[in-house]
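The chain contents come next:
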Amino acid sequence: MNFEGLDPGLAEYAPAMHSALDPVLDAHLNPSLLQNVELDPEGVALEALPVQESVHIMEGVYSELHSVVAEVGVPVSVSHFDLHEEMLWVGSHGGHATSFFGPALERYSSFQVNGSDDIRQIQSLENGILFLTKNNLKYMARGGLIIFDYLLDESEDMHSLLLTDSSTLLVGGLQNHILEIDLNTVQETQKYAVETPGVTIMRQTNRFFFCGHTSGKVSLRDLRTFKVEHEFDAFSGSLSDFDVHGNLLAACGFSSRLTGLACDRFLKVYDLRMMRAITPLQVHVDPAFLRFIPTYTSRLAIISQSGQCQFCEPTGLANPADIFHVNPVGPLLMTFDVSASKQALAFGDSEGCVHLWTDSPEPSFNPFSRETEFALPCLVDSLPPLDWSQDLLPLSLIPVPLTTDTLLSDWPAANSAPAPRRAPPVDAEILRTMKKVGFIGYAPNPRTRLRNQIPYRLKESDSEFDNFSQVTESPIGREEEPHLHMVSKKYRKVTIKYSKLGLEDFDFKHYNKTLFAGLEPHIPNAYCNCMIQVLYFLEPVRCLIQNHLCQKEFCLACELGFLFHMLDLSRGDPCQGSNFLRAFRTIPEASALGLILADSDEASGKGNLARLIQRWNRFILTQLHQDMQELEVPQAYRGAGGSSFCSSGDSVIGQLFSCEMENCSLCRCGSETVRASSTLLFTLSYPEDKTGKNWDFAQVLKRSICLEQNTQAWCDNCEKYQPTIQTRNIRHLPDILVINCEVNSLKEADFWRMQAEVAFKMAIKKHGGEISKNKEFALADWKELGSPEGMLMCSSIEELKNVWLPFSIRMKMTKNKGLDVCNWTDGDEIQWGPARAEEEHGVFVYDLMATVVHILDSRTGGSLVAHIKVGETYHQRKEGVTHQQWYLFNDFLIEPIDKHEAVQFDMNWKVPAILYYVKRNLNSKYNLNIKNPIEASVLLAEASLARKQRKTHTTFIPLMLNEMPQVGDLVGLDAEFVTLNEEEAELRSDGTKSTIKPSQMSVARITCVRGQGPNEGIPFIDDYISTQEQVVDYLTQYSGIKPGDLDAKISSKHLTTLKSTYLKLRFLIDIGVKFVGHGLQKDFRVINLMVPKDQVLDTVYLFHMPRKRMISLRFLAWYFLDLKIQGETHDSIEDARTALQLYRKYLELSKNGTEPESFHKVLKGLYEKGRKMDWKVPEPEGQTSPKSKAWIGTRETGQDAAVFSSVLAL
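What you see is a predicted model, and the numbers here were worked out from it, not measured in a lab.

What follows deals with the UniProt feature "binding site: a divalent metal cation" (unreviewed entry) in the protein. As annotated by UniProt and renumbered to match this structure, "binding site: a divalent metal cation" (unreviewed entry) occupies Asp 974, Glu 976, Asp 1083 and Asp 1135. Over a stretch of 162 residues, the named residues converge on one spot in the fold, their C-alpha atoms separated by at most 12.9 Å. Note on placement: Asp 1083 falls in helix α19 (residues 1080-1087). Judged by its relative accessible area of 5%, Asp 1083 is buried. Among all residues touching Asp 1083, those that are not within four sequence positions of it are Leu 973, Asp 974, Ala 975, Phe 977 and His 1078. Along the polypeptide, Asp 1135 turns up in helix α22 (residues 1132-1149). Apart from the residues lying within four places of it in its own chain, the contact partners of Asp 1135 are Asp 974, Glu 976, Leu 1113, Ile 1125, Gln 1126 and His 1130.

What follows is the structure in structure tokens.
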């Protein structure tokens, strides 16, 4: 309730006064009340106040039945009748809760809920009680044990809660919002904004939520959306209480008077059918509380703080004869509640006493209450004490059951033998991760067993107990029911271990010994890494995407082309698809399809990755198809006038993936409708077969492509929906056949497993081996099959297990629009002839090129990997050899595998998701030349996105046509960044910090300065990058970026898109310039660029000695150039120019690299000076801003300063 306008005397009952009560009687307490109440030494009454004599209760009229002391001298703040048991709960201003059982108010439990704040509301649930304090929600068992403790924000001031259903709670207070909390997960699920702050009372009916505000208003809100449907302005001062019953709402409160707030004796009554006020009800008491107590009529109980209670009808007149008086011990009543049965009323006063009024001698609080659980009585106290110091004490005093049988202690020692249990083997995961220090090994707890508990197993009942060879390789370890399957190490989810140097000391070569590039997994939504690799290794797709360039800011085809270019340049180093995934997050269709995962879902593996990657597969093909269709001749990027693939008709993505079909709909009336359509991929449809029949993959594929189904459809002839037979016929086969496996349930997984077992048995019989009926082979069977008589080696037997998928399939278009599909082997080519010769007759052979699988691992949440058959052209470019090889791509782990591993699916942990089949000799049909679509025009002047930019703010001069860079030209570069997501780290037990997830950075400013010529040191690029994502930290001290600099509406900088600046840097890289800067490795990583190492001149490594610390640009500039830079903030123009001067200084000191020994002495002097100065630049007495300093270099500065001043004059 709202306590504004109450008696000022309540101020003396501040909670702080009752933190420690002296064992004396409070001055405000009636001495006659505590005649038979004992106080414990701490001053808290622990016994309820007994009724001295029987009280006569008149049936139908409320009279006082019992009064008890909850807590001496501490005001009662809230009372609540338990809705499940015969109990009354009371909360005090000191944060203490007490419960009383039954109408006799016997004390049941008493415990502290909060140490300082008062309890403001109590709500009973089936398993416990909810207590609301100022900024804390606590759920406790009825005995006092804490179930959960939910801390709210310290700025919250909560007053009311409302249980909307069994697991959802609304919490409101003096702030301008209401929180929705899920009691199952104990998390905030929704925050509803409230136009009128101060929600102190909440009620609910089957039509509305009712919120009472401190301003005197009552708002009616929708049950689903929580939007305001209606609002009653009840009182001009404040609201005290209100209640709802049927179609009536009654409220009491305070009105504004000249002297302040005064209690209004008119109750406001509203009709909820017409949403208007009816005649106010005048009462004869000062109303502070009111409740509907419906019996035969809608009675209202109106209570004043002085203890007067009046009953009346809300639509009638109040009768002074209906007033009765509650005799509070203290001066004021503080709380009031009505039981669910309406048979009992509870009042709490300012002296800590509770008064129970009932209308019958034996009332019940609820219509149907369950039995209350009581603590068992202690029986130990009834036994006599035993003094063990007396030798003559008879042992018969110890109660034991009388028995005539032989006791276990009489067991003869000859029949006993010690049999110690053998210790179980150490978990394989512990042995794998163990690090030894001396003779002691340390390993993280895999948490596969309960702490300090070992399951007891007898040797006779568990034959596997001593079988140490059965330890699985899976990171799950040995559990109580060990998994029979294992997840191979190379298939497990890989993670990057970060150190204080970030990624610089992480050994990626350990995971990838090839020259192909992996992809880093720590970026949000990087689950699609495996599919990006599949698209990259499709040669026509790669060439098409890299030839594409358009004007759209967020184009997936453009970003994918940039990423493919990085994969081309890499020599085994991992790349990251941050820019591609950034564009992916901005596409509305991706969000609508549920393809954008939250960080928590991706880390915990909550999403179904197999279903997710199949939806992503369909989405990316559709998106690329649309991007290619929308391709027009760009105006900003002249040179992307078209690719070698493009035609005036359909896009090349459509030519590669699209399959033209005829959909026939046959109604039972005989009318047939034929519609032409196309699809970019197919989904497998599995037969309903539980007999174990042998189904070839080709049969299931044909059934899925030429799908036939019965469904309701509109018939134009019948003019209504009719049962129709819908069939699908193929008119044209695609060059690349994409198949979503749709193994999303146990039903489909069992089908794959069953067909693999059938195929395995048939393959064994085909090679002359016999197979037993049991699922598992005996050891003798394996030896026989591996012998020369069995005509099959053991290695080939392993290759046949869990295989149902063929490496090649043969498709033939028949004359009657039918389709024949069959599995194809190398032996079939000898029988039928080469595939190329048969293409002329409509026969095509498709070879398996990639499989994407879902790895099931409960420890890591699962992952997605790809098996890809890498073609000759890729090996030719990377390794200079021409051959084909299957590889496993698991993010940045790349490993060559045997081809049979790509089609082996153990459904316990390795589930197929996507299949890619390509036509044989596909590359010969397409032009695979790549023409770089980026031309020099991207470096020319362009307009800024900022609306407020003026010419006086120009900080650079764009390159002229005669200044275009050439191969080997120097370009000084520096970039500044902002933070999008903070770093996630944990503190180890030894005090060291472990980075779980690095901070996500975004480039905010990129500066390039001329490295030679008459305008050396003058910037020609100084772009601020506009971002649509929320910036967590602008890092102004280190970046110089201020809030608003990246906002096109208010920025005064030269603002561009990331794509525009990215194209400029890509052109400079492709032309062969050399970048000079400090710490360029991180800059290029965040920008998402792959730059050849011979094009990077990094001063952080030029002035570095092995196994020594890296030196900051500020210290190098002070030591070698006598420059004081980065005084207040960093400026990228200043940093890029300084790096250029340091490179000139390096050439001067090392004689262009010809005298390394003399330069080594210079570096030794640098490190000695740095250690003496603690690597800090001395501050001058009268320091000026770095921006006001002239550029000091090896040249005369007058000419350069004059040139740079012309920039500011533009």
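Inspection of the entire model under this criterion finds 36 salt bridges. Across the pair Asp 241 and Arg 291 runs a salt bridge whose closest N-O atoms are separated by 2.7 Å. With a gap of 50 residues between them, Asp 241 in strand β18 (residues 238-245) and Arg 291 in strand β24 (residues 289-294) connect regions that are remote in the sequence. A residue is classified by how much of its surface remains accessible, and Asp 241, at 4% relative accessible area, is buried. Ionic pairing is found between Asp 627 and Lys 552, a salt bridge with its closest N-O pair at 3.3 Å. Placement of the pair is Asp 627 in helix α8 (residues 609-629) and Lys 552 in the loop between α3 (539-546) and α4 (556-569), with a sequence separation of 75 residues. Lys 552 gets classed as partly exposed once you look at its relative accessible area, which sits at 34%. In the salt-bridge network here, residues are joined through shared partners; they are Asp 82, Glu 85, Arg 142 and Arg 370.

A separate point is the nonpolar core. Within the largest apolar cluster, 104 residues are counted, with the highest numbers of intra-cluster contacts made by Tyr 527, Ile 613, Trp 616, Phe 657, Ile 736, Tyr 916 and Phe 1075. Filtering out sequence-adjacent residues up to four positions away, Trp 616 remains in contact with Tyr 527, Cys 528, Met 531, Ile 532, Phe 580, Phe 584 and Leu 595. Judged by nonpolar contacts, the second largest core, of 55 residues, contains Tyr 491, Val 700, Trp 886 and Phe 905.

Attention now goes to a nonpolar patch on the surface. On the surface, Trp 388, Leu 395, Ile 398 and Val 400 cluster together into a nonpolar patch covering about 470 Å² of accessible area. Relative to the assigned elements, Val 400 resides in the loop between β30 (353-358) and α1 (428-433). The exposure class of Val 400 is exposed, given its relative accessible area of 63%.

Counting buried positions along helix α2 (residues 529-536) gives 8 out of 8 residues, so the element sits mostly inside the fold. By the burial criterion, the buried members of α2 are Asn 529, Cys 530, Met 531, Ile 532, Gln 533, Val 534, Leu 535 and Tyr 536.

By the secondary structure assignment, Tyr 150 is in strand β9 (residues 146-151). Sequence separation of Tyr 150 and Tyr 139 is 11 residues, and the distance between their C-alpha atoms is 8.3 Å. For Tyr 150, the contacting residues outside a window of four places in its chain are Asn 136, Leu 137, Ile 181, Val 186 and Glu 188.

Most of β30 is tucked away: 6 of the 6 residues are buried. Residues Cys 353, His 355 and Trp 357 line one face of β30 and the alternating positions Val 354, Leu 356 and Thr 358 line the opposite face, and both faces are buried. Sheet analysis places strand β1 (residues 63-69) next to β30, joined by 6 bridges and oriented antiparallel. Bridge assignment links Ser 67 to a residue of β30, and that residue is His 355. Both strand β29 (residues 344-349) and β30 contribute to a ladder of 5 bridges, which runs antiparallel. Paired with Ala 344 across the bridge in β30 is Thr 358.

Criteria and cut-off values
- Residues numbered from 1 in each chain as written.
- Predicted model: local features only at pLDDT ≥ 70, side-chain atom pairs only at ≥ 80, totals over all residues.
- Heavy atoms only, no water.
- UniProt positions renumbered as here; feature names shortened; annotations may be inferred.
- Helix = DSSP H or I, 4+ residues; strand = E, 2+ residues; numbered from the N terminus.
- Buried < 20%, exposed > 50% of the residue type's maximum accessible area, 1.4 Å probe, protein only.
- Contact = heavy atoms within 4.5 Å.
- Salt bridge = Lys/Arg side-chain N within 4 Å of Asp/Glu carboxyl O.
- Core = buried A, V, L, I, M, F, W, Y, C linked by side-chain atoms within 4.5 Å.
- Patch = residues over 30% accessible without salt bridge, like charges linked within 9 Å, V, L, I, M, F, W, Y side chains within 5 Å.
- Areas by Shrake-Rupley, 256 points an atom, 1.4 Å probe, with all protein chains shown as cover.
- Pairing = 2+ DSSP bridges.

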